[in-house]
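Coordinate analysis (summary)
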Amino acid sequence: MIKNICRYKKWIVVLSIIVLLSGCLQQGSVQGKELSNEKDIFTPAQTQSVKTITIERISDEMDMLNSKGWGELSGELGRTKTTTLLWYHIKKNYNLETKIVFGNPNKLDSSIAILASIGGESTLPKINIKGDEYYIINPSTPGIIPEFKFGSVYDDPRSANNYLQGYFGLKKPDHDLIEQWMAKSGVTVTYSDFTTD
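What comes next is a walk through the structure. (Residues numbered from 1 in each chain as written. Predicted model: local features only at pLDDT ≥ 70, side-chain atom pairs only at ≥ 80, totals over all residues. Heavy atoms only, no water.)

A look at the overall build of the protein chain
In terms of regular secondary structure, the protein chain is built from eight helices and eight strands. Only carbon and sulfur atoms are counted for the fraction: they give 54% of the accessible area of the protein chain, which is about 12500 Å². (Helix = DSSP H or I, 4+ residues; strand = E, 2+ residues; numbered from the N terminus. Areas by Shrake-Rupley, 256 points an atom, 1.4 Å probe, with all protein chains shown as cover.)

Details of the pairing of strand β3 (residues 99–103)
The buried fraction of β3 is high, at five of five residues. Summarising the sheet, β3 and strand β4 (residues 111–115) pair through three bridges and their orientation is antiparallel. The partner of Ile100 across the bridge, within β4, is Ile112. The pairing of β3 with strand β8 (residues 150–154) spans three bridges and is classified as antiparallel. (Buried < 20%, exposed > 50% of the residue type's maximum accessible area, 1.4 Å probe, protein only. Pairing = 2+ DSSP bridges.)

A closer look at the packing of helix α4 (residues 70–77) against helix α8 (residues 172–185)
Between α4 and α8, the least distance of the axes is 10 Å, while the angle of their chain directions is 170°. Overall, the two elements α4 and α8 adopt an arrangement that is roughly antiparallel. Contacts between α4 and α8 pair Trp70, Glu72, Leu73, Glu76 and Leu77 from the former with Asp174, Leu177, Ile178, Trp181 and Lys184 from the latter. Its residues assigned to classes, the contact of α4 with α8 shows six nonpolar, no polar and four charged. (Axes fitted to C-alpha atoms, helices over the stretch in contact; angles between N-to-C directions. Parallel < 35°, antiparallel > 145°, perpendicular 65-115°, else oblique. Contact = heavy atoms within 4.5 Å. Nonpolar A, V, L, I, M, F, W, Y, C, P; charged D, E, K, R; others polar.)

Some points on the nonpolar core
Counting residues in hydrophobic clusters, the biggest one holds 30 residues, and the most contacted among them are Ile58, Ile90, Ile137, Ile178 and Val189. At the level of secondary structure, the elements contributing two or more residues to this core comprise α3 (54–67), α4, α5 (79–94), β3, β4, β6 (132–138) and α8. Contact partners of Ile58, with chain neighbours within four places excluded, come to Ile90, Tyr94, Leu96, Ile114 and Ile137. The next biggest cluster of nonpolar side chains, apart from the first, holds eight residues, and it includes Val101, Ile129, Ile136 and Phe148. (Core = buried A, V, L, I, M, F, W, Y, C linked by side-chain atoms within 4.5 Å.)

In structure tokens:
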């Protein structure tokens, strides 16, 4: 009888060790990742926040373009053609009704305008143009700006009168500059449907 009790104690000890080891192994590893210290056990997994407000996603993209040398491309194309390029890119990538707003007194100081009601409610600066709130994007920087001396607002660069259209149309040399910049920066911008000869 004493032998049986000793045998059971051995099995209880062996089983207890197995249970303890399996608990330690489970605590030491979560989803295949080794934990480096105890605080990792209690730290929730970090997730990257995804912005849902369209204008904020656009603003983030403008920051990225700026960091990839957009200013260099803008300097070579000039403000009006850069406006056309960015206007088309935003319109196609975000499926938004974007507008071109011309400067005052210099019409060629153009920018891109997105109605706040379309872009979404944000703390980004808005400008009132003829009773409507717009987010205005400086195409050269690029970025949303808090002030802009505006003149006319057009649905797109092709809406401008014939005199101004020549300044906004992308031609073959512009196409080559854009392609070179994209190859160098690793960024793709959508614009080809708006290229002219």
